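Tertiary structure, described
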Amino acid sequence: MMQQMLLGYGGPTPNVWATLSSADADTKDNAVPNLSNGNLTASNSASGWNHGRATLGFTTGKWYWEITPSGNAFIGVEPTSEDIDRQYFNEGTTAGMATRDGKVWFAGSTVSTGNSDWSDNDTIGFAFDADAGRMYIYINGSSAYDYDSTMSSSAFKKPAYSVYPSWSLTFNFGENGFDETPPTGYKAVNTDNGATTS
């Protein structure tokens, strides 16, 4: 029995945490994000924007992750039916939701401006209600702004981002704990909580 457990037979399925995907990333003009730090940090050493997604996603539920930025890159969430092979978040999207510079974009159009902006090394809390299509942004634990989109509750979605040269984003999906307290009812993106690859 012990040998079976060590070999992975008959034992519990291990919990898998989201990271950034090296496969589910933009390849337009060879603009692939550079991933490091256990595939939790995305940077860009090429010209133009690089776009990518997480390894795990969800269709429904309430989810939370954190990002530490250097620069004003796009962070957001999008259905995986969106074309990943595009230069940046808002190019050619019909249902992706992104934010940066105190602005929010949905389906490629600006839908909210004048919100609080983050600074380098802040902790950005990203809470997403996949049933309602609503995004909540927290900066260093304080509620900053939100946006209620019409993103389909039946679409499979993943955390996503676009990063520009000399900028970086470090994601925290909660494997070693969050820096701030997630909102009540929101879960880390891992398989025990129901997140999947597709």
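Structural notes, computed from the coordinates.

Criteria and cut-off values
- Here the residue index of a chain counts from 1 through its sequence in written order.
- Restriction of local features to residues with pLDDT of at least 70 applies here, the model being predicted, together with a cutoff of 80 or more for giving and counting side-chain atom pairs; totals for whole chains, interfaces and linings are based on all residues.
- Excluding hydrogens and water, the side-chain figures rest on all heavy atoms present in the structure.
- Counting from the N terminus, the helices are DSSP H or I runs at least four residues long and the strands are E runs at least two residues long.
- Between the two quantities, the radius of gyration covers C-alpha atoms and the globule rule is 2.2 Å times the number of residues to the power 0.38.
- Three labels apply to residues, based on accessible area from a 1.4 Å probe with only protein chains included: buried if under 20% of the type maximum, exposed if over 50%, partly exposed otherwise in between.
- Residue contacts are defined here by distance: any two heavy atoms, one from each residue, within 4.5 Å place the two residues in contact.
- Per-residue and other accessible areas were derived by the Shrake-Rupley procedure at a 1.4 Å probe size, with only the shown protein chains allowed to occlude residues.
- Two strands make a pair as long as DSSP finds a minimum of two bridges between them.
- To define a nonpolar core, start from buried Ala, Val, Leu, Ile, Met, Phe, Trp, Tyr and Cys residues and group those joined through side-chain atoms within 4.5 Å.
- Under the rule applied, a polar contact is a pair of N or O atoms within 3.5 Å (in protein, one hydrogen donor and one hydrogen acceptor; residues adjacent in sequence only if both atoms are side-chain atoms).
- Salt bridges are identified by distance alone: a Lys or Arg side-chain nitrogen within 4 Å of an Asp or Glu carboxyl oxygen.

As a further point, take the overall build of the chain. Each helix and strand counted, the chain has one helix and 15 strands in total. Since a compact globule built from 198 residues should have a radius of gyration of about 16 Å, the 17 Å found for the chain is in line with a globular shape. The C-alpha extent of the chain, read off along each of the three principal axes, is 60 × 40 × 35 Å. Within the span of the chain, comprising 198 residues, buried residues form 46% of the whole. At a minimum sequence separation of 6, the contacts of the chain that also span at least 24 residues come to 68%. With an accessible surface of roughly 9,000 Å², the chain has 44% of that area assigned to carbon and sulfur atoms.

The next thing to look at is the pairing of strand S9 (residues 109-112). Each regular strand carries side chains that alternate between the two faces of the sheet. Inspection of the sheet shows strand S8 (residues 103-106) paired to S9 by three bridges, in the antiparallel sense. Looking at S9, one finds that Phe106 is bridged to Ser109. Where S8 folds back onto S9 in an antiparallel hairpin, the turn is made up of two residues, including Ala107, whose phi is positive at roughly 55°.

Turning our eyes to something else, we now look at the nonpolar core. Trp65, Met97, Phe126, Phe128, Met135 and Val189 are the most contacted members of the largest nonpolar core, which has 33 residues in total. Of all the secondary structure elements, the ones that give two or more residues to this core are strand S5 (62-70), strand S6 (74-79), S8, strand S10 (124-129), strand S11 (134-139), strand S12 (142-148), strand S13 (157-163) and strand S14 (168-172). Every residue in contact with Phe126, bar those within four places of it in the chain, is listed here: Trp63, Tyr64, Trp65, Ile67, Ile75, Gly76, Val77, Met135, Tyr136 and Ile137. Grouped together as the second largest cluster of nonpolar side chains are six residues, Trp49, Phe89, Ala98 and Ala160 included.

Below, the discussion takes up the environment of Asp83. Turning to its location among the elements, Asp83 is positioned in the loop between S6 and strand S7 (97-100). Taking relative accessible area as the criterion, Asp83 reaches 46% and is therefore assigned partly exposed. Along the primary structure Asp83 and Asp26 are separated by 57 residues, whereas in three dimensions their C-alpha atoms are 8.8 Å apart. Within the structure, the side chain of Asp83 is placed 3.0 Å from the backbone nitrogen of Asp85, a separation counted as a polar contact.

The next subject is the pattern of salt bridges. This model, assessed by the stated rule, comprises four salt bridges. A salt bridge links Arg100 to Asp101, with the shortest nitrogen-to-oxygen separation between them at 3.3 Å. By relative accessible area, Asp101 is classed as partly exposed at 30%. Residues Asp148 and Arg134 are paired through a salt bridge, measuring 3.7 Å at the closest nitrogen-oxygen approach. Of this pair, Asp148 sits in strand S12 while Arg134 sits in strand S11, and the two are 14 residues apart along the sequence. Each of Arg134, Asp146 and Asp148 takes part in salt bridges that share partners, so that together they form one network.

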